[in-house]
Amino acid sequence: FMSSVIQIAERSFKSGVEFAERWISVDDELPETIKKERGISYSDYVLIKANGYEHPFVGYYVNACDDEFFDFISESTSKSIKQTDITHWRPIEYK
């Protein structure tokens, strides 16, 4: 009985970690915009993956007058990233 409880707990923990660490394809879903200033909507900060880059970047999603794009924190990268190179994003968990 005890080994079954431990196995269930381990599976539940692993499932929770996988969900928390999942990357969302930009083809499937874009970040929700929550802040609005002068007709421009912004998401919270997110982690962003792009083709050709080993590490993710910190940035946010912008929806401005029918134009949608990701913007980056300048300290995250000094390289120029094309919007078409962005493949995935995920929320940053604040605790």
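The shown structure was predicted, so the numbers you read here are calculated from the model rather than taken from an experiment.

Rules of the game
Residues numbered from 1 in each chain as written. Predicted model: local features only at pLDDT ≥ 70, side-chain atom pairs only at ≥ 80, totals over all residues. Heavy atoms only, no water. Core = buried A, V, L, I, M, F, W, Y, C linked by side-chain atoms within 4.5 Å. Buried < 20%, exposed > 50% of the residue type's maximum accessible area, 1.4 Å probe, protein only. Helix = DSSP H or I, 4+ residues; strand = E, 2+ residues; numbered from the N terminus. Contact = heavy atoms within 4.5 Å. Phe/Tyr/Trp six-rings, centres within 6.5 Å; stacked < 30°, edge-to-face > 60°. Lys NZ or Arg CZ within 6 Å of the ring centre and 35° of its normal. pLDDT = per-residue confidence, 0-100. Pairing = 2+ DSSP bridges.

Trainee: What should I look at first to understand the nonpolar core in this one?
Mentor: Burial of nonpolar side chains together is a common tendency in soluble globular proteins. In this structure, Ile24, Val46, Ile48, Ala50, Tyr53, Phe57, Tyr61, Phe70, Ile81, Ile86 and Trp89 together form the largest nonpolar core, which totals 11 residues. Of all the secondary-structure elements, those providing two or more residues to this core are β4 (46–50), β5 (57–64) and β7 (86–91). For this core, the leading source of residues is β4, giving three residues. Ignoring any residue separated from it by four or fewer positions in sequence, one finds valine 46 in contact with Pro31, Phe57, Val58, Gly59, Tyr60, Phe70, Trp89, Arg90, Pro91 and Ile92.

Trainee: Would you explain the packing of aromatic side chains in this entry?
Mentor: Given two aromatic rings, one states the distance between the centres and the angle between the planes to describe the pair. Following the criterion strictly, the structure yields three aromatic pairs and no others. Considering the side-chain rings of tyrosine 45 and tyrosine 60, the 5.9 Å spacing of their centres and the 70° angle between planes classify their relative orientation as edge-to-face. Of this pair, tyrosine 45 sits in the loop between β3 (40–43) and β4 while tyrosine 60 sits in strand β5, and the two are 15 residues apart along the sequence. With a relative accessible area of 38%, tyrosine 45 lands in the partly exposed category. Exposure remark for tyrosine 60: the relative accessible area of 17% places this residue in the buried category. Geometrically, the ring pair formed by tyrosine 53 and phenylalanine 57 is edge-to-face, given 5.2 Å between the ring centres and 75° between the ring planes. There is no split in this pair, since tyrosine 53 and phenylalanine 57 are both buried. An aromatic cluster is present here, built from Tyr42, Tyr45 and Tyr60 joined pairwise through their rings. When the ring centre of tryptophan 23 is taken as reference, the NZ or CZ atom of arginine 90 above it lies at 5.5 Å.

Trainee: Is there a simple way to explain the confidence of the model for the protein in this structure?
Mentor: Should the pLDDT be low somewhere, the predicted coordinates at that spot are not to be read in detail. When pLDDT is averaged across the protein, the result is 78; 75% of the residues are at 70 or more. Mean pLDDT values over the elements of the protein span from 65, in helix α1 (residues 2–20), up to 94, in strand β1 (residues 24–25).

Trainee: Explain the pairing of β7 here, please?
Mentor: The side chains of a regular strand alternate between the sheet's two faces. Across two bridges, the pairing between β1 and β7 is antiparallel. If you follow serine 25 over to β7, its bridge partner there is histidine 88. Where β4 lies against β7, five bridges are found, and the strand directions are antiparallel. Across the sheet, residue lysine 49 finds its bridge partner in β7, namely histidine 88.

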